[in-house]
Structures are given as structure tokens and as C-alpha cells.
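# Examining the three-dimensional arrangement
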Amino acid sequence: MATQTELTDLFEYGVDLKNRKIYFGYVGDSSDTATDFTQTSVEFAVRALHRMAVENPNKPIELHVNSVGGNPYDAMRLHDEILSCSAQVKFYGGGSIMSSATWVMCACDERYLYQNATVMCHDGSEECAGKHTDLQINAGESKRL
């Protein structure tokens, strides 16, 4: 039976260390506009990846995702950590796999999508203002992403 700490970690942080699963998908009030890939959620996932990989590098880690995206820089951090993880990372996608979530999906060793999952890739969208050099810098960064 799961302990209170295990249940709290699963529901609050999306991490199930015992079963080697990490979850991304917004949980909360649907009127909130918070994104799934935030600095906080990604840091919890990265720390869980590290711990699971150290505990048993030969056993796969599952990443379960239903996400419309989030901060691209935070998603790229998770992308890089997945690529460098010593354990195999398997992606299970259901619902929406969109925007930053697609980058994370691409980094995983294996990818599985449920029958009704929707995957969306798109060009980034920017709103820029400022000096000419600022616009050039922002355009270059948008192109890199």
C-alpha cells in the first residue's frame, strides 16, 4: 500500500518513484492559465530522473504526458536531461501532446501514443519590441528554438 508521502509526491509533483513514472499534465482549476512545462515541474522531473537512473540504470523510466506545452526553455532542459539519462526513458502520450511537449517526446528512447492522442508541432510565436539590436537578438533566438 502506498504511503502518504508517496501519494503526496504523485499528486503534487507528478512523480511516482516506486513505479518509475513521471507525469506531466495540468492538475487543478481549469480557469487557471498555468502551463505544464514550468521551471518547477521540470526540476521535479529532472531530480526524479536522476534518482531513478542512479537507483537502477537498467530499468526504464516512464514519462506520461498530456500537455499543451509550456515554457520552451524549461522543456529543452528536460529534453537535454532525457538525452543524457543513463536509463531508458519511454514516452506515453495521451490527450494533447503539443508545442513544448513534442520536443520532450522526441528526446525519449521509445514513444507510444494512445489512439486518440493529438500531436501538434508549430513555429514559435513572438511579440517583439525594442531597439533594432534587441529585435535581431530575439529573431536569432526564435530561429534557434
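Residues numbered from 1 in each chain as written. Predicted model: local features only at pLDDT ≥ 70, side-chain atom pairs only at ≥ 80, totals over all residues. Heavy atoms only, no water.

## Details of the overall build of the protein
Which entries qualify depends on this criterion: Each helix is a run of DSSP H or I of at least 4 residues and each strand a run of E of at least 2, with the numbering of both proceeding from the N terminus.
The number of helices and strands found in the protein is five helices and six strands. Written out in order from the N terminus, the α and β elements of the protein read α-β-β-α-β-α-β-α-β-β-α.

## Quick notes on the side chain of R20
Note the threshold: N or O atoms within 3.5 Å of each other form a polar contact, as long as, within protein, one can give a hydrogen and the other can take it, and as long as residues adjacent in sequence are counted only when both atoms are side-chain atoms.
Tracing the sequence through the fold places R20 in the loop between β1 (15-16) and β2 (21-24). A distance of 2.9 Å separates the side chain of R20 from the backbone oxygen of M52, its partner in a polar contact. Within polar-contact distance, the side chain of R20 engages the backbone oxygen of K59 at 2.6 Å.

## Concerning the pattern of salt bridges
To be explicit about the condition: A carboxyl oxygen of Asp or Glu within 4 Å of a side-chain nitrogen of Lys or Arg is what we treat as a salt bridge.
The tally for this structure, following the rule as stated, stands at five salt bridges. In this structure, R77 and E81 form a salt bridge, with 2.7 Å as the shortest nitrogen-oxygen distance. With R77 and E81 both in helix α3 (residues 72-84) and four residues apart, this pair spans about one turn of that helix. Where salt bridges share partners, they join E43, R77 and E81 into one cluster.

## Concerning the environment of L83
Using the following cut-off: With a 1.4 Å probe rolled over the protein chains alone, any residue whose accessible area is under 20% of its type maximum counts as buried; one over 50% counts as exposed, and the rest are partly exposed.
Mapping L83 onto the fold places it in helix α3. The class for L83 is exposed, based on a relative accessible area of 54%. A sequence separation of 25 residues divides L83 from C108, and the C-alpha atoms of the two residues are 7.2 Å apart.

## Some points on the packing of helix α2 (residues 39-55) against α3
We count it as follows: Whenever a helix is involved, its axis is fitted only over the stretch in contact; in every case the axis is a line through C-alpha atoms, and angles between N-to-C directions fall within 0 to 180 degrees. With respect to orientation, any angle under 35 degrees is reported as roughly parallel, any angle over 145 as roughly antiparallel, any angle of 65 to 115 as roughly perpendicular, and every other angle as oblique. Between two residues, a contact is recorded if the distance between any of their heavy atoms is within 4.5 Å.
Put simply, α2 and α3 touch, their axes get as near as 9 Å, and they point 10 degrees apart. One element, α2, and the other, α3, form an angle in the roughly parallel class. Along its contact with α2, which presents Q39, V42, E43, A45, V46, L49 and H50, the element α3 presents D74, R77, L78, E81 and I82.

## Examining the nonpolar core
In plain terms, the rule: Each nonpolar core is a collection of buried residues, namely Ala, Val, Leu, Ile, Met, Phe, Trp, Tyr and Cys, held together in the definition by side-chain atoms within 4.5 Å.
Ranked by size, the top nonpolar core spans 27 residues in total, and within it I22, F24, F37, L63, L78 and I82 carry the most contacts. Broken down by secondary-structure element, the contributors of at least two residues to this core are β2, α2, β3 (61-67), α3, β4 (89-98) and α4 (100-107). Considering every element that reaches this core, the biggest residue donor is α2, with seven residues. Not counting chain neighbours up to four residues away, the residues in contact with I22 comprise G14, A45, A48, L49, M52, I61, E62, L63 and H64.

## Focus: the packing of aromatic side chains
Operational definition: Working definition: rings of Phe, Tyr and Trp (its six-membered ring) pair if their centres are within 6.5 Å, and the pair is stacked with planes under 30 degrees apart, edge-to-face with planes over 60 apart, and tilted otherwise.
For the structure on display, the rule yields two aromatic pairs. Seen in terms of ring centroids, F24 and F37 are 4.4 Å apart; in terms of plane orientation they differ by 20 degrees. Their pairing is stacked. One end of the pair, F24, is in strand β2; the other, F37, is in the loop between β2 and α2, with 13 residues separating them in the sequence. Residue class for F24 comes out buried when judged on its relative accessible area of 5%. Residue class for F37 comes out buried when judged on its relative accessible area of 0%.

## Topic: unusual backbone geometry
Phi is positive for R20, which is not a glycine, with a value near 60 degrees. Given the relative accessible area of 4%, R20 is considered buried. In this structure, S99 takes a positive phi of about 55 degrees despite not being glycine. Inspection of the secondary structure puts S99 in the loop between β4 and α4.

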